[in-house]
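Residues per chain are reported as follows:
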Amino acid sequence: MDIIIANGSSEPIYGQIARQIKGAIMAGELAEGDPLPSIRALANDLRISVITTKRAYAELEEAGFIDTVQGKGSFVAGGNLELLREERLRQVEAHLARAVAEATAAGIGPADLHAMLDLLLEED
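Residues numbered from 1 in each chain as written. Predicted model: local features only at pLDDT ≥ 70, side-chain atom pairs only at ≥ 80, totals over all residues. Heavy atoms only, no water.

Visitor: What's the story with the packing of helix H1 (residues 13–26) against helix H3 (residues 50–62) in this structure? I'm lost.
Guide: For any two helices packed against each other, one specifies the crossing angle of their axes together with the interaxial distance. Packing of H1 against H3 leaves a shortest axis separation of 8 Å and a crossing angle of 45°. When the interaxial angle is binned, H1 and H3 end up oblique. As for the relative orientation of H1 and H3, their crossing is right-handed in sense. Across the interface between the two elements, Ile13, Tyr14, Ile17, Ala18, Ile21 and Lys22 of H1 pack against Thr52, Arg55, Ala56, Tyr57, Glu59 and Leu60 of H3. (Axes fitted to C-alpha atoms, helices over the stretch in contact; angles between N-to-C directions. Helix = DSSP H or I, 4+ residues; strand = E, 2+ residues; numbered from the N terminus. Parallel < 35°, antiparallel > 145°, perpendicular 65-115°, else oblique. Left-handed = near helix turned anticlockwise from the far one by under 90°. Contact = heavy atoms within 4.5 Å.)

Visitor: Which parts of the structure should I look at to understand helix H2 (residues 39–46)?
Guide: Every α-helical turn comprises 3.6 residues, leaving residues that sit three or four positions apart pointing alike. By the burial criterion, the buried members of H2 are Leu42, Ala43 and Leu46. The arc that holds the buried residues of H2, viewed along the axis, is 100°, so those residues lie on one side. More than 90 degrees from the buried face of H2, the exposed residues found are Arg40, Asn44 and Asp45. Following H2 by one or two positions, Arg47 adopts a phi angle in the positive range, close to 55°. (Buried < 20%, exposed > 50% of the residue type's maximum accessible area, 1.4 Å probe, protein only. Arc of directions from axis to C-beta.)

Visitor: How should a negative patch on the surface be read in this particular structure?
Guide: Together, Asp118, Glu122, Glu123 and Asp124 give the surface a local cluster of negative charge. Its location among the elements puts Asp124 in the segment after helix H5 (110–123). (Patch = residues over 30% accessible without salt bridge, like charges linked within 9 Å, V, L, I, M, F, W, Y side chains within 5 Å. Areas by Shrake-Rupley, 256 points an atom, 1.4 Å probe, with all protein chains shown as cover. Salt bridge = Lys/Arg side-chain N within 4 Å of Asp/Glu carboxyl O. Lys, Arg positive; Asp, Glu negative; His and termini not counted. Charge placed at Lys NZ, Arg CZ, Asp CG, Glu CD.)

Visitor: Any chance you could explain the domain arrangement of the chain here in plain terms?
Guide: One frequently used descriptor of interface size is the decrease in accessible area upon assembly of the parts. Structurally, the chain comprises domain 1 (13–76) and domain 2 (81–122). Of note, the centres of domain 1 and domain 2, computed from C-alpha atoms alone, are 30 Å apart. Across the boundary between the two partners, domain 1 contributes seven residues, which contact five residues of domain 2. For the pairing of domain 1 and domain 2, the buried interface totals around 510 Å² over both sides, and the portion due to carbon and sulfur atoms is 66%. Seen at the junction of domain 1 and domain 2, the total is one residue pair in polar contact (both at pLDDT 80 or more). (Domains from an automatic or database assignment. Buried area = accessible area lost by both parts, 1.4 Å probe. Polar contact = N/O pair within 3.5 Å; in protein donor to acceptor, adjacent residues only side chain to side chain.)

Visitor: I'm lost on the packing of aromatic side chains in this one. Help?
Guide: Each pair of aromatic rings is reported with the distance of its centres and the angle of its planes. As enumerated under the stated definition, the model contains zero aromatic pairs in all. Directly above the aromatic system of Tyr14 lies the positively charged group of Arg55, at a separation of 3.8 Å from the ring centroid. (Phe/Tyr/Trp six-rings, centres within 6.5 Å; stacked < 30°, edge-to-face > 60°. Lys NZ or Arg CZ within 6 Å of the ring centre and 35° of its normal.)

Visitor: Teacher, can you tell me more about unusual backbone geometry here?
Guide: Comment: phi is negative for the bulk of residues other than glycine, and the bulk of peptide bonds are trans. Phi is positive for Arg47, close to 55°, though the residue is something other than glycine. Locating Arg47 in the fold gives a position in the loop between H2 and H3.

Next up, the structure:
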């Protein structure tokens, strides 16, 4: 699992880490029960503070994406299929909201927008 930190980003480093790990879980790159790097190992690899890595893991655990076992490490949480589905639905809704905003700005009406979506769905 490669995590890339963008120092120039307005997103905090812990948020970048959490987002990338969550993305790997949602994409199926990390499966249920897969171990994550230890907090200390990840901090060393990324050359960041252990506190920053710990905050990212805490955020992921609070959201239900990972489980941490004292003395054993952190693992991709099991039974989170519904959580993953909800997260994906939220992402699709955000993309659609941006598309609607763009269409409105371009003067594209609902009927034309529906037609575009139908065409895109037919292509898949």
